[in-house]
Amino acid sequence: MADPVLKSDIQLKAVDLRIDDVSASYGDHRVLNHINLDVRPGEFFALLGPSGCGKTTLLRTIAGFAQAEAGRIVVGGNDISRLPPWKRDVGMVFQSYALWPHLTVARNVAFGLEERRLPRADIARRVRTALDFVGLGQLGDRRPSELSGGQQQRVALARTIAIEPKILLLDEPLSNLDAKLRIQVRRELRSLQQRLGLTTILVTHDQEEANTICDRVAVMSAGEVQQVGTPAELYEAPANLFVAQFLGTANVLEGSVVSTGSGRVFESSGGLRFPVAAEAQVPDGARMVFRPQDTSIVTSDTPGAGVISGKIVYREFLGSTLRYGIQAGNTDLYVDAPFKTGVRPLTPGDPVSVSIAETSVKWLPA
Amino acid sequence: MSALARRIGAIPLLGSIGTGRATAGQIALALGILIFLVLFLVWPVATVIWVAFTEKGTGTFTLVNFYDFARTDLFARAFWNSFYVSAMAVVIASAFALPLAYITSRFAFRGAAIIQILGFLPLIMPPFVGAVALQLFFGRNGSVNLLLDDWFGFKVPFMDGLNGVVFVQSIHYFPFILINLSAALRNIDRSMEEAAQNLGSSGFRLFRRIVFPLALPGYVAGASLVFVKVFDDLATPLLLNVKDMLAPQAYLRVTSIGITDPMGYVISVVLIVTSVAAMWASSLATRNIDYATVQRGGGGLVRRRLKPWETAVAYAVITFILLLVLAPHFGLLLLSFATIWSFSPLPDAYTTAHYIRVFGESSLYIKNTLIYASLAGLIDIVVGTSIAYLVLRTKLPGRISLDTIATAALAIPGIVLGIGYLRAYYGVQLWDGTPLASLWIIIVLALAIRRLPYALRACHAALQQISVSLEEAAENLGATKIRTVRRIVIPLMTGGLAAGFVTSFATAAVELSATLMLVQSNADAPLSYGLYVFMQSPAGRGAGAALGVIAVVIVAASTVLSQLLVERDRRSKARHS
């Protein structure tokens, strides 16, 4: 399974990573609260969340730069939580890349190998292989400042894989690149990771980044893991309101379910009524959650079950879709409609009826 | 040239926002400045170089003067002494600065505030003033050696000969290394260190391979500055009665043999070449490498808490250096109030007679100093602002050269400028026959030229902060260029200009190298010269010390004032933006 470029010069093994009840604080402030995660061998795993959610602290705890006050970090069966950073063999690509400006590209890559006191010939061979692997074999004599942002990142990656790390940590790897390059680099990153076969943890606040390149994602907020799953699972079946609203746009109505003669009906606090499917599990004090694209605008003026009437307040052109802001009573809703060339879009002030597919509604506890 | 001068090269790009064609006013301004710089910087220095390379009397080109210089034992020794003293001063100053910089940048430490004070305290006292006071404590018969002799029966030659110069200069100049090195360490991003740890490096290896190389440019910048300052200094060796160094030799040749003797000029050229070489070496060491690696939100190196015994060591180091740094201040203060202080650890009795004498018969020195330093400061900000304006706001051809010429004054030692003025203007006579070089205004001009590079940077920074759109708005509303400058630009620059003025004023107030060459009569002498004269005789030391205290107070007050001005200016700008 060795990559043709890596050959036998750089040997990488996929191992599992277990975060076992890890907690950490800055002073009185709890930044990680009983984190448990299992990352499978070779998996590309994302820690996703808004800034301040603890994702970077968790990554730094794995690398040994932040101290956990409780819990264990187990890599391939070995507990590394008591080791200093330089003994962990956990490769990290820093957000800033952290290439040392006083060393050439090749010397940067050689650094970790020199620290390991490898024979000079081995170092030279591994440096060449690592740089070839990231496609920068010709630039070994350059200074980091002479490289583009994308090239610098690849040097940082080469520097990390040269030491044959057990796992790979990527801290916001795309944040220092401009928007166009970002899409290209994230594809490259995915393909490099697949070739390496290394268990990889990526930290990001950008859901698109996590969704496009990672096998599984842990959504974090306020120092806790909110949900773990594949991108589609998280989007389709958010475990709580935070996940629902953090991944994409969601309409959330608060209210309660009442039983009527013809079945159960959800009454929102804004006075909207909506039938509840017979098989749906609805917790007490329910929240009704649905995505803008799971609604449709019905032109016929027939108020019926599952149809909400209101008027358009604003319109945003998003390219392939139009997003309407709709006011129904004192409730605001987002409704998406496909943009079709030649079809006149609705304009603010137009009265409108919106139907919501019963099966796409997700019920969450309040 | 220096990093400063290199940065100037980048300015045309930034300055290209200015208006189209040069106006007559701009051309007149530029010509005025050019004439000023040529008359009082280029011409005197060129004269010195010309004399050094020509045969006395005939004016034909020759290298024989340099041959004589190299062949004369005294000069060869003076050269090596100057070199040795400068190099040793760098070594000792580094020994003071390195631990302090390391403690502040690597550890969370309460004593860091003391270290910051240590970083400027020595600079408010001119080194030649401190020299006298240090001799009282550390001289052959100073307090420390008397006590050592009493208790242990031996003495340490801290202040004997070249040792004394090294000792005084390193205490005075180590802040230059401390400030530059601390800044360099502060600018290292935490991720630089963490990346090394992540790849398996730790402890001293990490320091040697990553932290030290990244901080090196800052250290080199500070060290080369110390080297140049010590190499050029005239007053400190003279006051310590060390004559076989280059600057004192140049002074003695010119004052005792006369301004036609070529040796003073040869030495001047050697001084200039050494200055330029040191600055060039420093820029070479920092070339191509902008090592400031701090990222937004990054923060500097990780600081760890000190263990109790480490805290004790840190405080011991700081206390030791603090005592050394305060020694000249204390010594001077004691001496200024002492009746007699000789062969005893402390003075015999105390008196205010020295201050009465200084404020009475010698108040002329203080008055002269205030006038000279104010005028020099004023000239500096006027010329500095004009150059900054031409560089940043116009497209006048050659405007960068004005900046370069003014900045080149950095490489000209005070004594060289002094000799140059004497040679260039002694023959020029006024209507009543007095030589131009003997007028007190010449001293002011020398002071202004010496401080101009620093003032120019201050003015440049002050103007750069003002958005061009503020000026364009004024022009849009009907103000002419000149009125825009007067009503918008100057008021907005006030804070920066005031700080620049105060800095020029404070350093000009205690200048001695050029002054020593140019003072022709006691009536025209400034404070630093008076101090020098007083210190020549044992009877004058008390009064000299009193003058020294006054000098320190002037400089300290100016330094505080300039900090306040900068701070207030910064805050008011922050409020408005």
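Residues numbered from 1 in each chain as written. Chains lettered and ligands numbered in written order. Predicted model: local features only at pLDDT ≥ 70, side-chain atom pairs only at ≥ 80, totals over all residues.

On a plain count of helices and strands, chain A comes out with 8 helices and 20 strands. Principal-axis analysis of the C-alpha atoms gives chain A an extent of 80 × 50 × 40 Å. Across the 366 residues in chain A, those meeting the buried criterion constitute 40%. (Helix = DSSP H or I, 4+ residues; strand = E, 2+ residues; numbered from the N terminus. Buried ≥ 20, exposed ≤ 12 C-beta atoms within 10 Å, placed from the backbone.)

For chain B, the count of helices and strands is 25 helices and 2 strands. In chain B, buried positions account for 49% of the 577 residues. Counting contacts in chain B only where the partners sit at least 6 residues apart, residues at least 24 apart contribute 79% of the total. (Contact = placed C-beta atoms within 7 Å.)

Turning our eyes to something else, we now look at the sheet that holds strand β18 (residues 331-338) of chain A. Residue and element names in this part refer to chain A. If you walk across this open sheet you meet the 5 strands as β15-β19-β16-β17-β18, and the pairing is antiparallel. Taken across any chain shown, the strands that pair with only one partner, and hence form the sheet edges, are β15 (295-298) and β18. Mean inter-strand twist for the sheet, computed between neighbouring axes without regard to direction, equals 45 degrees. Both strand β16 (residues 307-317) and strand β17 (residues 321-328) contribute to a ladder of 6 bridges, which runs antiparallel. Paired with Ile312 across the bridge in β17 is Ile326. (Pairing = 2+ DSSP bridges. Axes fitted to C-alpha atoms, helices over the stretch in contact; angles between N-to-C directions.)

All names here are of chain A. One open sheet holds the 5 strands; their spatial order is β13-β12-β11-β14-β20, and the pairing between them is antiparallel. Unpaired on one side and paired on the other, β13 (273-275) and β20 (362-365) mark the two borders of the sheet. Going from strand to strand, the sheet's axes swing by 40 degrees on average, the running direction of each strand aside. Relative to β20, strand β14 (residues 286-290) runs antiparallel, the two sharing 4 bridges. Paired with Arg287 across the bridge in β20 is Leu364.

So, about the confidence of the model for chain A. Of the residues in chain A, 98% have a pLDDT of 70 or more, and the chain-wide mean is 88. By mean pLDDT, β13 of chain A is the weakest element of chain A at 82, and strand β3 (residues 44-48) of chain A is the strongest at 96. (pLDDT = per-residue confidence, 0-100.)

Turning our attention to the environment of Gly64 of chain A. All names here are of chain A. In this fold, Gly64 is placed in the loop between α1 (55-63) and β4 (70-75). When the 23 C-beta atoms within 10 Å are taken as the criterion, Gly64 is described as buried. Each C-alpha atom, one on Gly64 and one on Phe290, is 41 Å from the other, the two residues being 226 residues apart in sequence. Look past the residues within four positions of Gly64 in its chain and what remains in contact with it is Leu83, Pro84, Pro85 and Arg88.

A few words now on the interface of chain A and chain B. With 19 residues of chain A at the interface, the matching set in chain B holds 20 residues. Residue assignment for the side of chain A that touches chain B shows that the elements contributing at least two residues are β6 (90-93) and α2 (105-115) of chain A. Looking at the side of chain A that touches chain B element by element, the count peaks at 3 residues for α2 of chain A. Across the side of chain A that touches chain B, the residue classes break down as 12 nonpolar, 4 polar and 3 charged. (Nonpolar A, V, L, I, M, F, W, Y, C, P; charged D, E, K, R; others polar.)

Membership of the largest hydrophobic core comes to 258 residues, with the highest contact counts inside it found for Ala158 and Leu169 of chain A together with Val226 and Ala551 of chain B. It is helix α20 (residues 440-464) of chain B that provides the largest number of residues to this core, a total of 15 residues. Not counting the four nearest positions on each side in its chain, Ala158 of chain A is found in contact with Val109, Ala130, Leu131, Phe133, Val134 and Leu136 of chain A. In this structure, Leu253, Ile326, Val335 and Val361 of chain A belong to the second largest nonpolar core, which totals 15 residues. (Core = buried A, V, L, I, M, F, W, Y, C linked by C-beta atoms within 7 Å.)

This next bit is on unusual backbone geometry. Residue and element names in this part refer to chain A. You will see that Asp21, though not glycine, has its phi angle at about 55 degrees, which is positive. Tracing the chain through its elements places Asp21 in strand β1 (residues 17-26). A positive phi angle, near 55 degrees, is found at Arg117, a position not held by glycine. Of note, Arg117 is situated in the loop between α2 and α3 (120-133). Note on Arg117: 8 C-beta atoms within 10 Å, which makes it exposed.

What follows is about the domain arrangement of chain A. How big an interface is tends to be stated in terms of the accessible area lost upon association of its parts. If you check the domain split of chain A, you get domain 1 (17-238) and domain 2 (249-365). Placing a centre on the C-alpha atoms of domain 1 of chain A and another on those of domain 2 of chain A gives a separation of 41 Å. (Domains from an automatic or database assignment.)

Attention now goes to the domain arrangement of chain B. Residues and elements named next belong to chain B. Annotation of chain B at the domain level lists domain 1 (1-49 + 353-577) and domain 2 (63-351). With centres defined by C-alpha atoms, the gap from domain 1 to domain 2 works out at 26 Å. Counting residues at the interface gives 40 residues for domain 1, matched by 35 residues for domain 2. Elements with a minimum of two residues in the side of domain 1 that touches domain 2: α1 (3-8), α3 (24-52), α16 (353-360), α19 (414-425), α23 (513-518), α24 (527-535) and α25 (541-576). Here the side of domain 1 that touches domain 2 takes 12 residues from α25, the largest share from any one element. Residue composition of the side of domain 1 that touches domain 2, grouped by class: 28 nonpolar, 9 polar and 3 charged.

Residues and elements named next belong to chain A. Note that β1 and strand β2 (residues 29-39) share 7 bridges and pair antiparallel. The partner of Tyr26 across the bridge, within β2, is His29. The antiparallel pairing of β1 with β2 creates a hairpin that spans 2 residues between the two strands, and Gly27 there sits at a positive phi of about 60 degrees.

Note that predicted coordinates carrying low pLDDT should not be read in detail. On average, chain B scores 83 in pLDDT, and the residues at 70 or more come to 92%. A low-confidence stretch, residues 1-19 of chain B (pLDDT under 50), is modelled with 27 contacts involving residues beyond four sequence positions or located in other chains.

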